[in-house]
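# Report on the structure
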Amino acid sequence: MHLSTNIHLTCDRCLTEFQKPVAEKFEILFHIGTRDFETDEEDVVMLSPEENEIELDRFIEEQLVLAVPMKALCREDCKGLCPVCGVNLNVQSCNCPKETLDPRWQKLKELL
Ligand SMILES: [Zn+2]
Ligand SMILES: [Zn+2]
């Protein structure tokens, strides 16, 4: 079974919402019939003959949860937000100092 969809994620770095296409291929085996069917397969779904509706949504949901990455980034080289002014550095740059001056250097400056 092929599943392709877009999932909505929020980037961990810049908090931008983005869509990630997910294409998953998975197999679900259905066994319709007697309950005493023996199998080592864990993915076999037992169905009684009276059940004429398979809850596919549930399986698809499970697969989607597995497909969602632990760390969501809108792109590999996402620059994130400026810790000083909060600007999205992917969209625009800012003039904030990237590193606070080392206090030792500050002292030196005073001496000079
Ligand atoms: Zn991002
Ligand atoms: Zn900034």
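Look a little higher up for the structure.
Everything in this summary refers to the structure shown in the same document. (Residues numbered from 1 in each chain as written. Chains lettered and ligands numbered in written order. Predicted model: local features only at pLDDT ≥ 70, side-chain atom pairs only at ≥ 80, totals over all residues. Heavy atoms only, no water.)

Counting secondary structure elements, the protein contains two helices and four strands. Along the chain direction, N to C, the helices and strands of the protein fall in the order β-β-β-β-α-α. Taking the contacts inside the protein whose residues are at least 6 apart along the sequence as the reference set, 37% of them involve residues at least 24 apart. When the accessible surface of the protein is split by element, carbon and sulfur atoms take 52% of a total near 9500 Å². (Helix = DSSP H or I, 4+ residues; strand = E, 2+ residues; numbered from the N terminus. Contact = heavy atoms within 4.5 Å. Areas by Shrake-Rupley, 256 points an atom, 1.4 Å probe, with all protein chains shown as cover.)

Attention now goes to the coordination of the zinc ion (ligand 2). Within the protein, the zinc ion (ligand 2) binds to C82 (SG), C85 (SG), C94 (SG) and C96 (SG); these donor distances fall in the range 2.3 Å. Geometry at the zinc ion (ligand 2) is tetrahedral, judged from the four donor atoms that bind it and their angles of 105 to 112° at the metal. For the zinc ion (ligand 2), the donor residues sit on a single chain with the sequence spacing C-x2-C-x8-C-x1-C. On the accessibility criterion, C85 (43% relative accessible area) is partly exposed. (Donors = N, O, S within 2.8 Å, 3.2 Å for Na, K, Ca; no water. Tetrahedral: all angles 85-135°; square planar, octahedral: opposite > 155°, others 65-115°. Buried < 20%, exposed > 50% of the residue type's maximum accessible area, 1.4 Å probe, protein only.)

Residues other than glycine seldom take positive phi values, yet L15 does so here, at roughly 65°. Locating L15 in the fold gives a position in the loop between β1 (2–10) and β2 (17–25).

To continue, consider the pairing of β2. As paired elements, β1 and β2 share nine bridges and run antiparallel to each other. Opposite H2, over in β2, you have K25 as the bridge partner. (Pairing = 2+ DSSP bridges.)

A few words now on the coordination of the zinc ion (ligand 1). The zinc ion (ligand 1) binds to the protein through C11 (SG), C14 (SG), C74 (SG) and C78 (SG), with metal-donor distances spanning 2.2 to 2.4 Å. With four donor atoms in place around the zinc ion (ligand 1) and angles of 107 to 115° between them, the coordination shape is tetrahedral. In the primary sequence, the donor residues of the zinc ion (ligand 1) line up as C-x2-C-x59-C-x3-C. Residue C11 is found in the loop between β1 and β2, and its partner C74 is found in the loop between α1 (56–67) and α2 (103–111); the two are separated by 63 residues along the sequence. On the basis of relative accessibility, which here comes to 1%, the residue C11 falls in the buried class.

Next up on the list: the nonpolar core. One finds I7, L9, C11, C14, F18, V22, A67, A72 and C78 forming the largest nonpolar core, which totals nine residues. Where this core is concerned, the elements lending two or more residues are β1 and β2. Ignoring any residue separated from it by four or fewer positions in sequence, one finds L9 in contact with T16, E17, F18, K20, V68, P69 and A72. Core analysis: the second largest hydrophobic core is formed by six residues, L3, I28, V45 and L47 among them. (Core = buried A, V, L, I, M, F, W, Y, C linked by side-chain atoms within 4.5 Å.)

Two residues of an α-helix separated by three or four positions point the same way, owing to the 3.6 residues in each turn. Here α1 contains twelve residues, and its C-alpha end-to-end distance of 17 Å stays within 8% of the 16 Å for a straight helix at 1.5 Å per residue. Buried within α1 we find F59, Q63 and A67. Down the axis of α1, the sector holding all buried residues measures 80°, keeping them to one side. Of the exposed residues in α1, those oriented more than 90 degrees away from the buried face are D57, E61 and V65. In this structure, the buried side of α1 is in contact with β2, β3 (29–32) and β4 (44–47). (Expected span 1.5 Å × (residues − 1). Arc of directions from axis to C-beta.)

The quantities given are spatial measurements derived from coordinates; they are silent on function.
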